[in-house]
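If you want the building blocks of each chain, they are given just below.
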Amino acid sequence: QETAWIYMSNAKGAYAGDNDYFMNAHDLAKDGHLIDTAARPLFVLAGEFDRTSLSEEDGAAAVPKYVEGAQYRLLKDLGHFAPSDDPELLCEALVPIMDEVLVACAAAESR
C-alpha cells in the first residue's frame, strides 16, 4: 500500500515520463563515457528479485560496461521496492556500500 501511495502521489505523467526515460530516452552505450566516475563515484544497485534491472544487456548489471569506473552491487534477498518491502534488510545491505561510497568520495576529493 505504501508503494502504491508513492506512485499515486506523483504529479500526473511523472510515472509515465520516468518509464519513458528509462526505456527510450537514455543510451549509456552512447553517452556513458560522459560520466566522470573519478569525480563523482557511481554505484548502481539492484535487488536480487528485481526482474526489471537484472538483464546483462540493459539492466543495472550492464552499467559498468558503458560507464568506466561504475560499481555494480546485487542486493541479496531484495526486490525492486526494497525500501518498502524490507527496509531493515535494505539498511543492512546499504551500510557497507555507503562505506565504499565514502572512501570513493574521499579519493575523488584528494585528486
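Read on for an overview of the structure. (Residues numbered from 1 in each chain as written. Predicted model: local features only at pLDDT ≥ 70, side-chain atom pairs only at ≥ 80, totals over all residues. Heavy atoms only, no water.)

What follows concerns the overall build of the chain. The secondary structure content of the chain amounts to 6 helices and 2 strands. Of the regular secondary structure in the chain, the N- to C-terminal order runs α-α-α-β-α-β-α-α. Counting only C-alpha atoms, the chain reaches 45 × 35 × 25 Å along its principal axes. In the chain, the proportion of contacts linking residues at least 24 apart, taken out of those at least 6 apart, comes to 61%. Put simply, the chain shows about 8100 Å² of open surface, and 56% of that area lies on carbon and sulfur atoms. The averaged location of the 20 negative side-chain charges in the chain is 6 Å from the averaged location of its 8 positive side-chain charges. (Helix = DSSP H or I, 4+ residues; strand = E, 2+ residues; numbered from the N terminus. Contact = heavy atoms within 4.5 Å. Areas by Shrake-Rupley, 256 points an atom, 1.4 Å probe, with all protein chains shown as cover. Lys, Arg positive; Asp, Glu negative; His and termini not counted. Charge placed at Lys NZ, Arg CZ, Asp CG, Glu CD.)

In this section: the environment of L89. Assignment of secondary structure puts L89 in helix α6 (residues 87-110). With a relative accessible area of 23%, L89 lands in the partly exposed category. With 78 residues separating them along the chain, L89 and A11 place their C-alpha atoms 30 Å apart. Apart from the residues within four sequence positions on either side, L89 is in contact with K76, D77 and L78. (Buried < 20%, exposed > 50% of the residue type's maximum accessible area, 1.4 Å probe, protein only.)

If you look at the biggest cluster of nonpolar residues, it comprises 7 residues: F43, L75, L78, A82, L90, I97 and V101. Broken down by element, this core gets its largest block of residues, 3 residues, from α6. Apart from the residues within four sequence positions on either side, A82 is in contact with P87 and L90. With 6 residues, the next largest nonpolar core counts V44, A46, A60 and A70 among its residues. (Core = buried A, V, L, I, M, F, W, Y, C linked by side-chain atoms within 4.5 Å.)

Below, the discussion takes up the pattern of salt bridges. Applying the stated criterion across every chain, the model contains 1 salt bridge. Among the ionic pairs, R73 bridges to E100, the shortest N-O distance being 2.3 Å. Of this pair, R73 sits in strand β2 (residues 71-75) while E100 is found in helix α6, placing the two residues 27 residues apart along the sequence. Using a relative accessible area of 31% as the deciding quantity, one classes E100 as partly exposed. (Salt bridge = Lys/Arg side-chain N within 4 Å of Asp/Glu carboxyl O.)

To continue, consider the pairing of strand β1 (residues 43-47). Counting buried residues along β1, 4 of its 5 residues qualify, which places the element largely inside the surrounding structure. Where β1 and β2 come together, 5 bridges link them in parallel fashion. Counted as the bridge partner of A46 is L74 from β2. (Pairing = 2+ DSSP bridges.)

Glancing now at a nonpolar patch on the surface. On the surface, W5, I6 and M8 cluster together into a nonpolar patch covering about 400 Å² of accessible area. With respect to the element layout, W5 can be found in helix α1 (residues 2-8). (Patch = residues over 30% accessible without salt bridge, like charges linked within 9 Å, V, L, I, M, F, W, Y side chains within 5 Å.)

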